There are 2 protein chains.
Amino acid sequence: MTSEFELIARHFTPAVPGSRAGVSLGVGDDCALLIPQPGMRLAVSVDTSVAEVHFPAAAPADAIGHRALAVSLSDLAAMGAEARWCLMALAMADADDAWLDDFARGFHGLCAATGTALVGGDVTRGELAIGVTVMGEVPEGEALTRGGSRAGDLLAVTGSLGGGAGGLALWQRGERDLQHPLLVRYLRPLPRLDAGQALRGLANAAIDISDGLLADLGHVMSASGVGARLDVEALPLAEGLLQALGPDRARQAALGGGDDYELLVSLPADAMEEAVRRLAGLGLALTPVGTVTAEPGLSGVADTALHGWQHFGAADAKGGAT
Amino acid sequence: MTSEFELIARHFTPAVPGSRAGVSLGVGDDCALLIPQPGMRLAVSVDTSVAEVHFPAAAPADAIGHRALAVSLSDLAAMGAEARWCLMALAMADADDAWLDDFARGFHGLCAATGTALVGGDVTRGELAIGVTVMGEVPEGEALTRGGSRAGDLLAVTGSLGGGAGGLALWQRGERDLQHPLLVRYLRPLPRLDAGQALRGLANAAIDISDGLLADLGHVMSASGVGARLDVEALPLAEGLLQALGPDRARQAALGGGDDYELLVSLPADAMEEAVRRLAGLGLALTPVGTVTAEPGLSGVADTALHGWQHFGAADAKGGAT
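Notes on the structure in this doc start here. (Residues numbered from 1 in each chain as written. Chains lettered and ligands numbered in written order. Predicted model: local features only at pLDDT ≥ 70, side-chain atom pairs only at ≥ 80, totals over all residues. Heavy atoms only, no water.)

## Some words on the pattern of salt bridges
Here is step 1: Under the criterion given, the structure shown has 26 salt bridges over all chains.
Here is step 2: Between Asp30 of chain A and Arg146 of chain B there is a salt bridge; the shortest N-O distance is 3.2 Å. Here Asp30 of chain A is found in the loop between strand 1 (23-25) and strand 2 (32-34), whereas its partner Arg146 of chain B is found in the loop between strand 6 (129-139) and strand 7 (154-158) on a different chain. Of the two residues, Asp30 of chain A and Arg146 of chain B, neither departs from the other in class, the shared state being buried. (Salt bridge = Lys/Arg side-chain N within 4 Å of Asp/Glu carboxyl O. Helix = DSSP H or I, 4+ residues; strand = E, 2+ residues; numbered from the N terminus. Buried < 20%, exposed > 50% of the residue type's maximum accessible area, 1.4 Å probe, protein only.)

## Overview of the interface of chain B and chain A
Here is step 1: Taken residue by residue, the interface counts 65 residues in chain B and 65 residues in chain A.
Here is step 2: Interface area, chain B with chain A, both sides summed: about 5,000 Å², of which 60% is carbon and sulfur.
Here is step 3: Run the count over chain B and chain A and you get 4 salt bridges.
Here is step 4: The partner of Asp29 of chain B in a salt bridge is Arg146 of chain A, and the shortest N-O contact between them spans 3.7 Å.
Here is step 5: At the boundary of chain B with chain A, the tally comes to 13 residue pairs in polar contact (both at pLDDT 80 or more).
Here is step 6: For the side of chain B that touches chain A, the leading source of residues is strand 3 (residues 40-50) of chain B, giving 10 residues.
Here is step 7: A per-class count over the side of chain B that touches chain A returns 34 nonpolar, 17 polar and 14 charged.
Here is step 8: With 3 bridges connecting them, strand 2 of chain A and strand 3 of chain B associate as antiparallel partners. Bridge pairing in strand 3 of chain B links Ala32 of chain A to Val44 of chain B. (Contact = heavy atoms within 4.5 Å. Buried area = accessible area lost by both parts, 1.4 Å probe. Polar contact = N/O pair within 3.5 Å; in protein donor to acceptor, adjacent residues only side chain to side chain. Nonpolar A, V, L, I, M, F, W, Y, C, P; charged D, E, K, R; others polar. Pairing = 2+ DSSP bridges.)

## Some remarks on the sheet that holds strand 11 (residues 286-293) of chain A
Residue and element names in this part refer to chain A.
Here is step 1: Reading across the sheet, the 6 strands line up as 8-10-7-11-9-12 and stay open at both edges, with mixed pairing between neighbours. Of all the strands in the sheet, the pair left with one neighbour each is strand 8 (205-208) and strand 12 (298-299).
Here is step 2: Where strand 8 meets strand 10 (residues 263-267), 4 bridges bridge the pair, whose relative direction is antiparallel. For Ile207, the partnering residue across the bridge sits in strand 10 and is Leu264.

Dropping the structure here:
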């Protein structure tokens, strides 16, 4: 095995140009030194992606790199934060140079697309797993949290739902056309960073849909002390999902499949038009899917729809502020 | 297996009192929101500790928790930074409540002792491994780096050397007296945060001794473009090391054993007295061990001493800014 020092130097150092704004000292010392902006809160989160738990080990390496970062960046999006920096902890059984090349390309590509500087990390021997810590900034007092939802708010989701679970189902059936829209959704999710920032000042609460719409709505309800009524017929289904799974499983995927990395937001009814307009400017739909109620609990979803979907990653959980 | 959400709530939420300075929003949302102090650089690093690579899986759980955090905090110490916040990514095969209790106690104990707030993390299923991201602060322009060493400087180390490797050797021989000074050094290293801060304005360069004195001195030499002459007879050996290993292996442990988490600093000769005085105030020795030379390369160490020690964790490497 090549020395990990060499591996790191070869694959992960170029990501930090010395002149990059906000990086005083990048990869190569005991710590990176970063320059926070005045008046901003620092938003931080970590997510670990484990092979065969969170993604198929045989997925394309560049997709694995992209996806591991996307999952973490999605948490910044949900706070309305701008992405700034990340650290990557990579565990792998052995060092395959071609695999690492592809992996790094996927990771760096999303870094570049989102303005995120990779400022450090470590490499250890073990089962393939990628832990990504992300750091972003959001103006003081403007962060979107899970706890601000109010009775009377509308619930809305960005983009479309079920693509993550649908893509995984296709992958498990042997589909390997990486251009298939569902595989793109599953393997290369795009964190909704611009949308999160655009919704600051409009949304009362937000969360990213990683565990599935129902589970994540449950987190918002719990943190905000409210209930919700969902309009299941209104859920925007991912392109190709109905054809791939049929209507019942498609709806279950949209409700409970997870891995969509869209945003679920709660916002006053009179803010919806402006929110739709702002996201349209980003090329992204914002679809009303329900209302927030004062009575606790969820209505509008038949029991049978709640229990039909076994999610690949359901055994694991993100925890705490991540 | 208990839901990971419950596990996290039970074991890791209490670490963040809501009123804690610098934490605007702690565990429980998509991100934590932190309040950086004006005029400070943010120092960040991540280190992953893997069972049977970086520590024995059978070590006491509280020591595993303590040690995983200590290893990361040691990088903040080496920059002269103050510890502020951390995130923990825990992978484990199954959830043993008693083990988690002990693990959390060790982790939280060092959080409390160092003023570090645990603000988030995640739990995944897998081989036991703990990835800890630490964030600290250091006044702008005052960080200690690896690159500032100058010819003519003295080299000095805090505390004593060889305790990490000596403790591991004892553990592998079956020693289980957890009060043995070498086992304390190996299982419960104390990151030299106060010392690192006290050396700001005096030291030209610093690094923490995680890979072994020779390897870490090599990093400083390489980053600073200097050479060094070591006085091997001057190395301060950990308590009990000579008795446990005999003189040859004791010296090898001090030179190459790693896991000591002391600081190696390079400082002008006329700053040594003040540096010793400041560290004495912290109850910590600072021992001159060599000089920095303009000629590259290392002298003062016989070849035989360089190659005698196989370090438990040598196969893995911290990488980049970590």
